[in-house]
Amino acid sequence: MIRLISSSHMFSKLFGSNSCTSIIRQQFTVKKSTIQHRTMGTRDMPSLKQFQKAAKDAKKDIPIEKSRFEYWSERVVSDEYRDKVFIGVMSAAVSFIGVGFFFQAMRPIQLVKRYGEKNTEGKYKVEPQTFIEAEGYSPNFIPNNKELVNLYSECGARAGLTVGEYEKTSVFHTYMLDPVNIGNTFFLDGLHIGVPRHMTWTSVEEADLTSISITPFYNPLFDGFKIPVDRIDPDLLQQLKESFVMSSGARKFMMSYLMSQNSRHYGQHVLIALPGIMLILHYIFGLLMNSKQGLMEQKRFYRLGLQSLLLVICVGMALYSYNDIRSILNSNAMERVIRTPEEADDAIEFFEKCLERNRLLRKVIGKEAEYYIEEDGNIVPTFYEFSQAVNYSAQLEIVKGIKDRLEAYEKAKAKVQAEVEKGEFS
């Protein structure tokens, strides 16, 4: 009490008597209310269920921070961003198509340099040359060998090329195991046909296995397999040389077939635009599925699951369409260049020689070649190719079917001629 009076006397000195009295009253009031709350709190305390209900109600009004994925997925399916998604899909599709046509129409020369034959220093030594340029008008150009020039000059008419298309077609030697087609006669830079040097050998004596590298696919980090000539059995080496050498008819079929594949075919344009087309179709099918099934009101995992299934279906359709169109293009090209059963025999020889060559190479090179060459002699397809549609065996079956039709036609024609000569045909 003495301490309280002394402190009040001090406050009265500093702030006056009225201020001191009010401060003391406030202190006693606070202490009194605190005591009353502590004594009465145990009787008015809410139950546990009331606490839980209050916490649940308060939680609804508390903003919860969402993850970036949840935020993005909700924004994409909202009405506000549908137009933006549409513009994004169409822009991506146009970009895919534009890039494909750009490389097909504007950059084939760069691809030719990628696939062109190289010298020992690793530099490209062969440029695409037409028949007129084959003599080598510049020291920077190394001319193609004589057989390739002859094939180029003789097979244009058989492939059905017009004068303009023939002028847009050029040939060059490639270091790949099989021929390559780059470009199209529709475009300004034209069609460039790469033929391996070993496919122009005309005799077994000309076959030099040490000068070639086995490169089934383009790979800038891989120079190809070298044939171990010194470690091969002489009989096996002789068989391998004979498998590289083809007859004149088989070589002419090869060149005319390559010329016909990428000339005047709108299917090549469809192949270029196929990724963009499938992207647009997936977007359209997705919109139809959303509107018919009401996916916007469904749970996110259900919506994403159906859309993912639709994406897998569209990718499968794209792969099937790609391989089917390539098979049709190959079949149409063969139909144009094979007009007699004898020409069909030349085509059969070409594909059978390629299969036999690959089987022997797989045996000679060893286990490393198994990654590139199958046991039956076909090249291992890439991830987007179906072996039943584009490999040598599939093309061989197409040729055999063409030969059967031609032979049936020849028999029917001979029968009709015989009846006409006997006077039995009316």
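Computed from a predicted structure; not experimentally measured. (Residues numbered from 1 in each chain as written. Predicted model: local features only at pLDDT ≥ 70, side-chain atom pairs only at ≥ 80, totals over all residues. Heavy atoms only, no water.)

Section: the overall build of the protein
Helix and strand counts for the protein stand at 15 helices and five strands. Per-residue burial for the protein yields a buried fraction of 37% across its 426 residues. For the protein, long-range pairs separated by at least 24 residues make up 66% of all intrachain contacts whose partners lie at least 6 apart in sequence. When the accessible surface of the protein is summed, it comes to about 26400 Å², and 58% of that surface belongs to carbon and sulfur atoms. (Helix = DSSP H or I, 4+ residues; strand = E, 2+ residues; numbered from the N terminus. Buried < 20%, exposed > 50% of the residue type's maximum accessible area, 1.4 Å probe, protein only. Contact = heavy atoms within 4.5 Å. Areas by Shrake-Rupley, 256 points an atom, 1.4 Å probe, with all protein chains shown as cover.)

Quick look at the nonpolar core
When a protein is soluble and globular, its nonpolar side chains tend to lie buried together. Grouped together as the largest cluster of nonpolar side chains are 36 residues, with contacts concentrated most on Met255, Ile338, Phe350 and Phe351. At the level of secondary structure, the elements contributing two or more residues to this core comprise helix H7 (146-154), strand S3 (191-196), helix H10 (248-261), helix H12 (300-337), helix H13 (341-365) and helix H15 (392-422). Other than its neighbours up to four places away in sequence, Phe350 contacts Met199, Met246, Ala250, Phe253 and Met254. Counting residues in each nonpolar core, the second largest holds 21 residues, with Leu237, Leu240, Phe244 and Val245 among its members. (Core = buried A, V, L, I, M, F, W, Y, C linked by side-chain atoms within 4.5 Å.)

Quick look at the pattern of salt bridges
By the definition in use, this model includes nine salt bridges. A salt bridge links Lys403 to Glu407, with the nearest nitrogen and oxygen atoms 3.9 Å apart. Taken together, the residues Lys403 and Glu407, both in helix H15 and four residues apart, mark about one turn of the helix. By sharing partners, the salt bridges in this structure join Arg158, Arg339 and Glu343 into a single network. (Salt bridge = Lys/Arg side-chain N within 4 Å of Asp/Glu carboxyl O.)

Considering the sheet that holds strand S2 (residues 180-183)
Reading across from one edge, S1-S3-S2 is the order of the three strands in this open sheet, with mixed pairing throughout. Every interior strand has two partners, whereas the edge strands, strand S1 (169-174) and S2, have only one. For this sheet, the mean angle separating the axes of adjacent strands, direction not counted, is 25 degrees. The pairing of S1 with S3 spans six bridges and is classified as parallel. Residue pairing for S3: Thr174 is matched across the bridge by Pro196. Running over the sheet, H7 touches S1 and S3 and is turned about 155 degrees from S1. Together, S1, S2 and S3 form the strand contacts of H10, whose direction differs from that of S3 by roughly 150 degrees. (Pairing = 2+ DSSP bridges. Axes fitted to C-alpha atoms, helices over the stretch in contact; angles between N-to-C directions.)

Considering the environment of Ala369
Of note, Ala369 is situated in the loop between H13 and helix H14 (387-390). Relative accessible area serves as the criterion here: at 1%, Ala369 is assigned to the buried category. Placed 153 residues apart in sequence, Ala369 and Pro216 show a C-alpha to C-alpha distance of 9.7 Å. Those residues within four positions of Ala369 in sequence are excluded, and the remaining contacts are Phe225, Leu361 and Arg362.

So, the packing of H13 against H15
In a pair of packed helices, the angle between the axes and the distance between the axes together describe the arrangement. It is at 9 Å that the axes of H13 and H15 come closest, and there the two elements cross at 160 degrees. Judged by the angle between their axes, H13 and H15 are roughly antiparallel. In the packing of H13 onto H15, the handedness of the crossing is left-handed. On the side of H13, the interface is formed by Pro341, Ala344, Asp345, Ala347, Ile348, Phe351, Glu352, Cys354, Leu355, Arg357 and Asn358, while H15 contributes Tyr392, Ser393, Gln395, Leu396, Val399, Lys400, Lys403, Leu406, Glu407 and Glu410. (Parallel < 35°, antiparallel > 145°, perpendicular 65-115°, else oblique. Left-handed = near helix turned anticlockwise from the far one by under 90°.)

Focus on a nonpolar patch on the surface
Taken together, the side chains of Ile284, Phe285, Leu288, Leu309, Ile313 and Met317 define a hydrophobic patch exposed on the protein surface, amounting to about 510 Å² of accessible area. On the secondary structure map, Phe285 appears in helix H11 (residues 266-293). (Patch = residues over 30% accessible without salt bridge, like charges linked within 9 Å, V, L, I, M, F, W, Y side chains within 5 Å.)

Focus on the side chain of Gln395
Considering the arrangement of structural elements, one finds Gln395 in helix H15. For Gln395, a relative accessible area of 8% puts it in the buried group. In this structure, Gln395 is in contact with Tyr257, Asn330, Met334, Phe351 and Val390, ignoring residues within four places of it in sequence.

Comments concerning the environment of Ser95
With respect to the secondary-structure elements, Ser95 resides in helix H5 (residues 82-105). Taking the relative accessible area as the measure of exposure, Ser95 reaches 43% and is therefore partly exposed. For the pair formed by Ser95 and Gly276, sequence separation is 181 residues and the distance between their alpha carbons is 7.8 Å.

Notes on the pairing of S3
The element S3 is largely enclosed, with a buried count of six among its six residues. Of the two faces of S3, the one lined by Leu191, Ile193 and Val195 and the one lined by His192, Gly194 and Pro196 are each fully buried.

Points about the confidence of the model for the protein
Low-pLDDT portions of the prediction should not be read for the details of their coordinates. For the protein, per-residue confidence averages 77 on the pLDDT scale, and residues scoring 70 or more make up 73% of the total. Low pLDDT (under 50) marks residues 1-17, which in the prediction has seven contacts with non-local residues, meaning those over four places away or in another chain. Every residue in residues 126-142 is under pLDDT 50, and counting partners more than four places away or in other chains gives 34 contacts. (pLDDT = per-residue confidence, 0-100.)

Some remarks on the packing of aromatic side chains
Going through the model one piece at a time under the given rule, you end up with twelve aromatic pairs. Summarising the aromatic geometry, the rings of Trp201 and Phe244 are spaced 6.0 Å apart at their centres and angled 55 degrees between planes, so their arrangement reads as tilted. Of this pair, Trp201 sits in the loop between S3 and strand S4 (213-214) while Phe244 sits in helix H9 (residues 234-244), and the two are 43 residues apart along the sequence. Of the two residues, Trp201 and Phe244, both sit in the buried class. Ring geometry for Phe253 against Phe351: centres 5.8 Å apart, planes inclined by 70 degrees, an arrangement best described as edge-to-face. Of this pair, Phe253 sits in helix H10 while Phe351 sits in helix H13, and the two are 98 residues apart along the sequence. This pair shows no difference in class: Phe253 is buried, exactly as Phe351 is. Feature note: the residues Phe253, Tyr257, Phe350, Phe351 and Tyr392 constitute an aromatic cluster, connected by ring pairs. (Phe/Tyr/Trp six-rings, centres within 6.5 Å; stacked < 30°, edge-to-face > 60°.)

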